[in-house]
Amino acid sequence: MLEELRKQVLEANLELVRSGLVLYTFGNASGISRADGLVAIKPSGVPYEGMRPEDLVITDLDGRIVEGSLRPSSDLATHLRLYRAFADIGGVVHTHSRYATSWAQARRPIPCLGTTHADYFRGPVPVTEAMHPHEIESAYEANTGAVIVRRFAGIDPMQIPAVLVAGHGPFCWGPSAAEAAHNAVILEYVAEMSYYSVTLAAAEELHPAHLDKHFLRKHGVSAYYGQK
């Protein structure tokens, strides 16, 4: 089933490895076929080396396995919660990349200090509230998705396609699995730059006019960055 989606999701998972965002079996990427209401996701604990499209697990939006002999990623319920809440996303990625995870462990949002950040995220990358013990002890992964969705009340998830889960790590998304992986790579890059910026000086956040110019010239309705 969903042969092309499987290939796309496998490639997104491998991009995390190529970009140095995951170690061993850390991390996962998924993609959704909205027309079919089905999700393809990395199998749990399986090394990336040698992974094939047919190893990916297909589930419905309630987490029922539709096709696949392996167990899906343990973070499946988080991915599904995001797909249900954010109607425009087509892919989700989770990593424990070093700098983004450091901001998450510090319970600090990544501030928008410069135009590199503003090119991709229209404001600070938010951090969730800490999860309560009852949220951790029962339905942990689904509740991880729920705290992300709560944090995005009033935030357009397509303008800030990433979040830091407090004490855990980053989740990113995009219109496709490939773009979700791309956003994860960019997030790690700006997380590292922001870390050095606040270490070197009392850095100021970028002026809103400067932020909007860089975001909208690439993503707005009148965007002029790149080729038509």
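Structural data are supplied above this passage.
Let me sum up the structure you'll find in this document.

The rules we used
- Within each chain, residue numbers correspond to sequence positions counted from 1 in written order.
- Given that the model is predicted, a residue must reach a pLDDT of at least 70 before its local features are reported, and side-chain atom pairs must reach 80 or more before they are shown or counted; all residues, however, enter totals for whole chains, interfaces and linings.
- Side-chain numbers come from the whole structure's heavy atoms, not from hydrogens or water.
- The way it works is that DSSP assigns letters per residue, a run of H or I at least four long becomes a helix, a run of E at least two long becomes a strand, and they are numbered from the N terminus.
- Note on method: radius of gyration uses C-alpha positions; expected globular size equals 2.2 Å times residues raised to 0.38.
- Think of it in three bands: with a 1.4 Å probe and only protein chains considered, a residue is buried below 20% of the maximum accessible area for its type, exposed above 50%, and partly exposed in between.
- Residues are treated as being in contact if the distance between any of their heavy atoms lies within 4.5 Å.
- Surface accessibility in these figures is a Shrake-Rupley result with a 1.4 Å probe; residues are shielded only by whichever protein chains are displayed.
- Positive charges come from Lys and Arg, negative ones from Asp and Glu, while His and the chain ends are left out of the count.
- For charged residues, the charge sits on one atom: NZ in Lys, CZ in Arg, CG in Asp, CD in Glu.
- A strand pair is defined by DSSP finding two or more bridges across the two strands.
- We count a salt bridge whenever a side-chain nitrogen from Lys or Arg sits within 4 Å of a carboxyl oxygen from Asp or Glu.
- Each polar contact in these results corresponds to two N or O atoms within 3.5 Å; when the atoms are within protein, one needs to be able to donate a hydrogen and the other to accept it, and residues that are neighboring in sequence are counted only if both atoms are side-chain atoms.
- By convention, a stacked pair of Phe, Tyr or Trp rings (six-membered ring in the case of Trp) has centres within 6.5 Å and planes under 30 degrees apart, an edge-to-face pair has planes over 60 apart, and any other such pair is tilted.
- Sitting over a ring, as applied to charges here, requires NZ of Lys or CZ of Arg to be within 6 Å of the ring centre and within 35 degrees of the ring normal.
- Note on disulfides: each one is a pair of cysteine sulfur atoms within 2.5 Å.

Here's the deal with the overall build of the protein
- A tally of regular secondary structure across the protein gives eight helices and seven strands.
- For a compact globule of 228 residues, the expected C-alpha radius of gyration is about 17 Å, and the protein comes in at 17 Å, within 12% of that figure.
- For the protein, the spread of C-alpha atoms along the principal axes amounts to about 50 × 50 × 35 Å.
- Burial status across the protein gives 47% buried among its 228 residues.
- Put simply, 64% of the contacts in the protein that link residues at least 6 apart link residues at least 24 apart.
- Working note: accessible area of the protein is about 11,200 Å², and carbon and sulfur atoms make up 52% of it.
- Charge centroids of the protein, computed over 20 positive and 25 negative side chains, lie 3 Å from each other.

A look at the pairing of strand β3 (residues 57–60)
- Residues V57 and T59 line one face of β3 and the alternating positions I58 and D60 line the opposite face, and both faces are buried.
- Here β3 folds back onto strand β4 (residues 65–67) in antiparallel fashion, the turn holding four residues, of which G63 has a positive phi close to 90°.

Side note on the pattern of salt bridges
- If you walk through the whole model with that rule in mind, you get 11 salt bridges.
- Members of the salt-bridge network, linked through shared partners, are E11, E15 and R18.

Remarks on unusual backbone geometry
- Even without being glycine, Y24 reaches a positive phi, approximately 50°.
- Turning to its location among the elements, Y24 is positioned in the loop between α1 (3–18) and β1 (28–33).

Digging into the side chain of D75
- Checked against the element boundaries, D75 lands in the loop between β4 and α2 (76–85).
- It is K42 that comes nearest to the buried, bridge-free D75 among opposite-charge side chains, at 8.5 Å.
- For D75, the side chain forms a polar contact with the side chain of N28, separated by 2.9 Å.
- Ignoring any residue separated from it by four or fewer positions in sequence, one finds D75 in contact with N28, H94 and E141.

Describing the packing of aromatic side chains
- As enumerated under the stated definition, the model contains six aromatic pairs in all.
- Ring geometry for Y99 against Y195: centres 5.7 Å apart, planes inclined by 55°, an arrangement best described as tilted. Remark: Y195 occurs in helix α7 (residues 177–200) and Y99 occurs in helix α3 (residues 98–105); sequence separation between them is 96 residues.
- Aromatic pair Y195 and Y196: ring centres 5.4 Å apart, planes at 70°, arrangement edge-to-face.
- We classify Y195 as partly exposed; its relative accessible area is 39%.
- One aromatic cluster is present, formed by F86, F152 and W173 through successive ring pairs.
- The ring centre of Y48 lies 4.9 Å from the NZ or CZ of K42, which sits over that ring.

Observations concerning the state of the cysteines
- In this structure the tally under the stated criterion is zero disulfides.
- This cysteine, C172, is not joined by any disulfide, and C112 carries the nearest cysteine sulfur, 15 Å off.
- Given the relative accessible area of 2%, C172 is considered buried.

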